[in-house]
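# Survey of secondary and tertiary structure
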Amino acid sequence: MYAQLVETGVKRLKTLDEMSEQERAFQERIDAEIKIEAKNWMPDAYRQTLIRQISQHAHSEIVGMLPEGNWVTRAPSLKRKLQLMAKIQDEAGHGLYLYSAMETLGADRDTEIERLHSGKAKYSSIFNYPTLSWADIGAVGWLVDGAAIVNQVVLQRTSYGPYSRAMIRICKEESFHQRQGYEILLTMMREGNQAQKDMVQDAINRLWWPSLMMFGPSDEHSPNSAQSMAWKIKRQSNDELRQRFIDQTVPQLELLGCTAPDPELKWNAERGHYDFGQIQWDEFYEVLKGNGPCNQERVATRRQAIEDGAWVRAAAVAHAKKKANKNAA
Ligand code: FAQ
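Presented here is an overview of the structure given in this document. What you see is a predicted model, and the numbers here were worked out from it, not measured in a lab. (Residues numbered from 1 in each chain as written. Predicted model: local features only at pLDDT ≥ 70, side-chain atom pairs only at ≥ 80, totals over all residues. Heavy atoms only, no water.)

## Some thoughts on the pattern of salt bridges
Pairing between side chains becomes possible if they bear opposite charge and their charged atoms approach one another. Under the counting rule described, the total for this entry stands at 16 salt bridges. We note a salt bridge from glutamate 33 to lysine 232, for which the minimum N-O separation is 2.9 Å. Placement of glutamate 33 in the loop between α2 (21-31) and α3 (44-63) and of lysine 232 in the loop between α10 (225-230) and α11 (238-256) is noted, with a sequence separation of 199 residues between them. The partly exposed category is assigned to glutamate 33, whose relative accessible area is 45%. Among the charged side chains, a network of salt bridges with common partners joins Glu68, Lys87, Glu91 and Asp145. (Salt bridge = Lys/Arg side-chain N within 4 Å of Asp/Glu carboxyl O. Helix = DSSP H or I, 4+ residues; strand = E, 2+ residues; numbered from the N terminus. Buried < 20%, exposed > 50% of the residue type's maximum accessible area, 1.4 Å probe, protein only.)

So this is what it looks like as structure tokens:
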């Protein structure tokens, strides 16, 4: 596996002969499926790759709360409002586990959050699309959480212990999110009027392709994959996971009685997978550059939240200090 990656990797990887003794011992530990823990020696590039991926992942969870928060005040019933609020709170919790996992690598949370607020740090492209109708909340749960789960189930086996353990906990909660989203859409399709059914199809039309983009660029254009696979940070490639997501989602789409906005989507019996059309990678890279429909709004909202919450943080610190002084006295 490693030798093959050395041959085909987008970035050339070091061969075992080119590695230092420490690097070789590290790679052997990875190959033996022994988790790397915070106190273990690790190559600086491994540490930096994890800080990059985990911080982007944490930012995605936190920014991902915003398109859903848009519908809390307009949820169609008390039950739906409670479900949505619980889901959004779960996403906040996921962000916190992930920032904590990132901190075990020596990264500073405030610095990374500042990078998000200055527009330098990435977060998942999907959250730069708007949620225009209630059906979008169903589609986000079904498609966006569905794609996140396919990616995260594999990350439970990632080589870095704290990230892997955070993923195990997160995956348990994500499956509830996906089901509540699908149930919203199923209810609209089975019990709704024509306008509500049209809303579901419209939400799928807009969110289908951006959900497929969540898995990242195709393997031959993914600069980080070869090294991340060799270090077993990533266990399956972007394209493999995208295909798995499509294969498991199309039957659910059919059960809804809806279609995907992809005329080339069809079962290929020979491959045992669905074939699908060309992803618009220009759009993906534009969103990454900050030019998606909601990039500016998302970052501005996060910045405002930090400013608005300053007094709460100050009060919490003052309270903690007072308590510590009292205990010391
Ligand atoms: N959006 O070489 P690769 C969720 C960047 S959680 C933005 O393939 P890599 C829960 C990539 O960072 C969703 N940027 O990179 C929820 C890299 O940039 P850099 C988040 C993207 O890291 C649901 C460059 O492109 N999940 O949804 C994207 O090996 C509902 C080259 O790409 C995770 O973060 C993208 N879609 O593979 C919350 C999972 N794709 O830093 C609320 C963990 C790629 O070199 C509501 N992350 N880029 O400048 C991963 O598995 C990986 O980081 C990938 C990308 C697969 C996302």
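## Some remarks on the layout of surface pockets
In this structure, the second largest pocket encloses a volume near 460 Å³. Ile62, Ile113, His117, Arg302 and Ile306 are, among the 19 residues lining the second largest pocket, the residues nearest its centre. Of all elements in the fold, only α4 (65-69), α5 (78-103), α6 (109-117) and α13 (295-308) reach the threshold of two or more residues within the lining of the second largest pocket. Classifying every residue of the lining of the second largest pocket by side-chain character gives 10 nonpolar, two polar and seven charged. (1 Å grid on protein atoms, 1.4 Å probe; cavity = no way out; pocket = protein on both sides within 12 Å on 5 of 7 lines; lining within 4 Å. Points joined across faces, edges and corners; volume = space filled by probe spheres on them. Nonpolar A, V, L, I, M, F, W, Y, C, P; charged D, E, K, R; others polar.)

## Considering a nonpolar patch on the surface
A cluster of nonpolar side chains, namely Leu78, Leu82 and Met85, defines an oily patch on the protein surface of about 300 Å² accessible area. Within the element layout of this structure, methionine 85 appears in helix α5. (Patch = residues over 30% accessible without salt bridge, like charges linked within 9 Å, V, L, I, M, F, W, Y side chains within 5 Å. Areas by Shrake-Rupley, 256 points an atom, 1.4 Å probe, with all protein chains shown as cover.)

## Some points on the packing of helix α7 (residues 134-155) against helix α9 (residues 194-213)
Two packed helices can be described by the angle between their axes and the distance between those axes. Look at α7 against α9: their axes get within 9 Å of each other, and the N-to-C directions meet at 30°. As the angle between them shows, α7 and α9 are arranged roughly parallel. For α7 against α9, the interelement crossing comes out right-handed. In this structure, α7 contributes Ala135, Asp136, Ala139, Val140, Trp142, Leu143, Val144 and Ala147 to the contact, and α9 contributes Met199, Val200, Ala203, Ile204, Arg206, Leu207, Trp208 and Ser211. Per-class residue counts for the contact of α7 with α9 are 13 nonpolar, one polar and two charged. (Axes fitted to C-alpha atoms, helices over the stretch in contact; angles between N-to-C directions. Parallel < 35°, antiparallel > 145°, perpendicular 65-115°, else oblique. Left-handed = near helix turned anticlockwise from the far one by under 90°. Contact = heavy atoms within 4.5 Å.)

## A closer look at the side chain of glutamine 243
Tracing the backbone shows glutamine 243 in helix α11. Among the polar contacts listed, one links the side chain of glutamine 243 to the backbone oxygen of tyrosine 274, at a separation of 2.8 Å. Sequence-distant contacts of glutamine 243, that is, excluding residues within four places in its chain, are made with Arg271, His273, Tyr274 and Phe276. (Polar contact = N/O pair within 3.5 Å; in protein donor to acceptor, adjacent residues only side chain to side chain.)

## What about α6?
Listed in full, the buried residues belonging to α6 are Glu112, Ile113, Leu116 and His117. Projected down its long axis, α6 carries its buried residues within an arc of 145°, all on one side. Where the residues of α6 are buried, they touch α3, α5 and α13. One or two steps after α6, the chain reaches glycine 119, where phi turns positive at roughly 80°. (Arc of directions from axis to C-beta.)

## So, the packing of aromatic side chains
A complete count under the given rule lists nine aromatic pairs for this structure. Ring geometry for phenylalanine 26 against tyrosine 46: centres 4.8 Å apart, planes inclined by 75°, an arrangement best described as edge-to-face. Residue phenylalanine 26 is located in helix α2, and its partner tyrosine 46 is located in helix α3; the two are separated by 20 residues in the primary sequence. Aromatic side chains tyrosine 46 and tryptophan 231 sit 5.5 Å apart centroid to centroid with 90° between the ring planes, which places their arrangement in the edge-to-face category. Of this pair, tyrosine 46 sits in helix α3 while tryptophan 231 sits in the loop between α10 and α11, and the two are 185 residues apart along the sequence. Like tryptophan 231, tyrosine 46 is buried. Chaining the aromatic ring pairs together yields one cluster made of Phe26, Trp41, Tyr46 and Trp231. Across from the ring centre of tryptophan 71, 4.0 Å away, lies the NZ or CZ of arginine 74, which sits over that ring. (Phe/Tyr/Trp six-rings, centres within 6.5 Å; stacked < 30°, edge-to-face > 60°. Lys NZ or Arg CZ within 6 Å of the ring centre and 35° of its normal.)

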